[in-house]
Amino acid sequence: MPIVSAQNLSFSYELRDEEGNVAEHIDALKGVNLDILAGSFVTILGANGSGKSTFAKQLNALLVPTGGTVFVDGMNTADESHLLDVRKTAGMVFQNPDNQMIASNVEEEIAFGPENLGVEPDDIWRRVDMALAAVGMNAYRKTSPNKLSGGQKQRIAIAGIVAMEPKCIVLDEPTAMLDPGGRREVIRTLHELNEKRHVTIILITHYMEEVVDADYCFVMHQGELVMSGTPREIFSDVETMRRLSLDVPQVTEVAYELQQAGVPLPDGILTSEELTKALTAVRDGGDPAAAVEGCRRAK
Amino acid sequence: MIEIKNLTYTYEQGTGYEAHALNGVSTRIPDGQFIGLIGHTGSGKSTLIQHLNGLMKATTGDILVDGTSIYSEHYDMRKLRSTVGLVFQYPEHQLFETTVLKDVMFGPKNLGLSDDAAKERARKALELTGLSGERFENASPFDLSGGQKRRAAIAGVLAMEPKVLILDEPTAGLDPRGRDEILSLIRDLHERRKMTVILVSHSMEDVAQYVERIIVIDSGKIRFDGTPREVFRHYRELEALGLAAPQVTYLMHDLADAGFTVDTDAITVDEARDSILKSLPQFRRTV
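Note that this is a predicted model, so its numbers are computed, not measured. (Residues numbered from 1 in each chain as written. Chains lettered and ligands numbered in written order. Predicted model: local features only at pLDDT ≥ 70, side-chain atom pairs only at ≥ 80, totals over all residues.)

1. Thoughts on the interface of chain A and chain B
Then comes step 1: At the interface, 37 residues of chain A touch 36 residues of chain B.
Then comes step 2: Only helix H6 (180–197), helix H9 (250–260) and helix H10 (272–283) of chain A provide two or more residues apiece to the side of chain A that touches chain B.
Then comes step 3: The element contributing the most residues to the side of chain A that touches chain B is H10(A), with eight residues.
Then comes step 4: Grouping the constituent residues of the side of chain A that touches chain B by class yields 15 nonpolar, 14 polar and eight charged. (Contact = placed C-beta atoms within 7 Å. Helix = DSSP H or I, 4+ residues; strand = E, 2+ residues; numbered from the N terminus. Nonpolar A, V, L, I, M, F, W, Y, C, P; charged D, E, K, R; others polar.)

Listed below in structure tokens is the structure:
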């Protein structure tokens, strides 16, 4: 069973002027159908205004559909009796870690969520330990959050969600404000949570290189789901991605440019390793497609 | 020209929490240069740029703008703030007026300009940022798209007609198209208006693509200063500082390790493509 299932999901709202008259009718989501498998690592791409953040907010019932249905772990998000359970199942992390910090030290920050859920004190401390270990921040448990770097703060925000033991974490551009080191830390943490603890990760991002290692990718445009597939499938279509105001990873772009110059490379090269193997095959008279295939199977 | 001389900024001086945000920074910024300023969060880069337009005052050291110390008596700080324009992170959060035109006029009016003169400057600034015409002028800033809002906020700084433009992560949170729009706008201001530009960025790819000089800050000190090619040669050291090199740099090193004769200093997609084509005998002539 999918952990998230959107069925013909629509969401619209009205903008009102100062007199309270309807000024504009906005369709932020238009009939989105998608399933996300439990335990997978998926990414959602889309230009600003494509509806991806509106979609994310549907997953823990911050917003509920105005048309269609969203099921989270089998629960209909529009059913108010499920509200708490939906939020326990799908936790959310936002862009700016500073807006998400409230406590005076890291362990209290992480304890806040489970405490609010009414978890027994002994169990809260077990969960804090577990969450700190999961994001690799044990050494900082007594530190004040304002002494941490951006990447560390964001890992604490993630730990605060992990402590609620959700099956699924939704992250809306969690690396947009971070330096390269902070981005690496956060993305590595997410992959570890996914691999070791089997938490479903739903990552919204504008950084194409963060998509490369995902299992699956959805692309949104003007409120609709317009592409879905593995990162390799998505990034094989460089021109469509550009038309959607998006991009491809730099290595994919180099491969595409080489293809345009006549070098016989397969579509959808994602990593430096793949391109190096493919070019070695071109140079030595081998088969570049087979070389890329070999890289992929080795993983 | 801006000359920074042995600049130090100390927080909570004389207490147990004393910390140096800047620790002896010296450099020159000639007119018309396009500089990328990189460093991890907390490295001191935001502190440095806030010194350049007088928002923060150095604990020790000096800043000379066109030969005059900004810390000298009777120095005109108001003039400094219009000479050195600072665009903060997420500048669109500071939009507040009822129309885009009024918002952009706010700065020049604060400089003491008449309504008409402020309007003229605002229109010029909006044209530079691609938001000219009644459609934008009379729109509420809050009805613009994310990228347009950011350009409107930049127009507000440009309307002060600064000689030096400093931007703190102007592309954070924008989609790739919005990012390209802002960066080509900045490149235009540098090339056509000869503005000095200091771009603070966490995107190594953007810095590699656009700037002519990179300054790397760590622990309040300048660690590297040179052309992008020179600086990204130190990619291992940059990683240790919480930074990185553009993705193509890693590709070029992997190719060199696999026996290709490629330029490991290539830092943009175009440079990488040309260098790779040259290294493949059967495609050499296509470059």
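2. A look at the domain arrangement of chain A
Residues and elements named next belong to chain A.
Then comes step 1: The domains assigned to chain A are domain 1 (2–248) and domain 2 (249–299).
Then comes step 2: The gap between the C-alpha centroids of domain 1 and domain 2 is 32 Å.
Then comes step 3: Contact residues are listed per partner, giving ten residues for domain 1 and eight residues for domain 2.
Then comes step 4: Looking at the side of domain 1 that touches domain 2, the element that brings in the most residues is helix H7 (residues 231–235), giving four residues.
Then comes step 5: Each residue belonging to the side of domain 1 that touches domain 2 can be placed in one class, and the counts come to six nonpolar, one polar and three charged. (Domains from an automatic or database assignment.)

3. Quick look at the nonpolar core
Then comes step 1: With 171 residues, the main nonpolar core has Ala159(A), Val104(B) and Ile166(B) as its most contacted residues.
Then comes step 2: For Ala159(A), the contacting residues outside a window of four places in its chain are Ile110(A), Ala131(A), Leu132(A), Ala134(A), Val135(A) and Met137(A). (Core = buried A, V, L, I, M, F, W, Y, C linked by C-beta atoms within 7 Å. Buried ≥ 20, exposed ≤ 12 C-beta atoms within 10 Å, placed from the backbone.)

4. A short note on helix H6 (residues 146–158) of chain B
Residue and element names in this part refer to chain B.
Then comes step 1: For H6, spanning 13 residues, the distance from its first C-alpha to its last is 19 Å, which sits close to the expected 18 Å at 1.5 Å a residue.
Then comes step 2: Burial runs high along H6: twelve of the 13 residues are buried.
Then comes step 3: Buried residues of H6: Gly147, Gln148, Lys149, Arg150, Arg151, Ala152, Ala153, Ile154, Ala155, Gly156, Val157 and Leu158, and no others.
Then comes step 4: At its buried positions, H6 is contacted by strand S6 (84–87), helix H3 (100–110), helix H4 (115–128) and helix H7 (176–193). (Expected span 1.5 Å × (residues − 1).)

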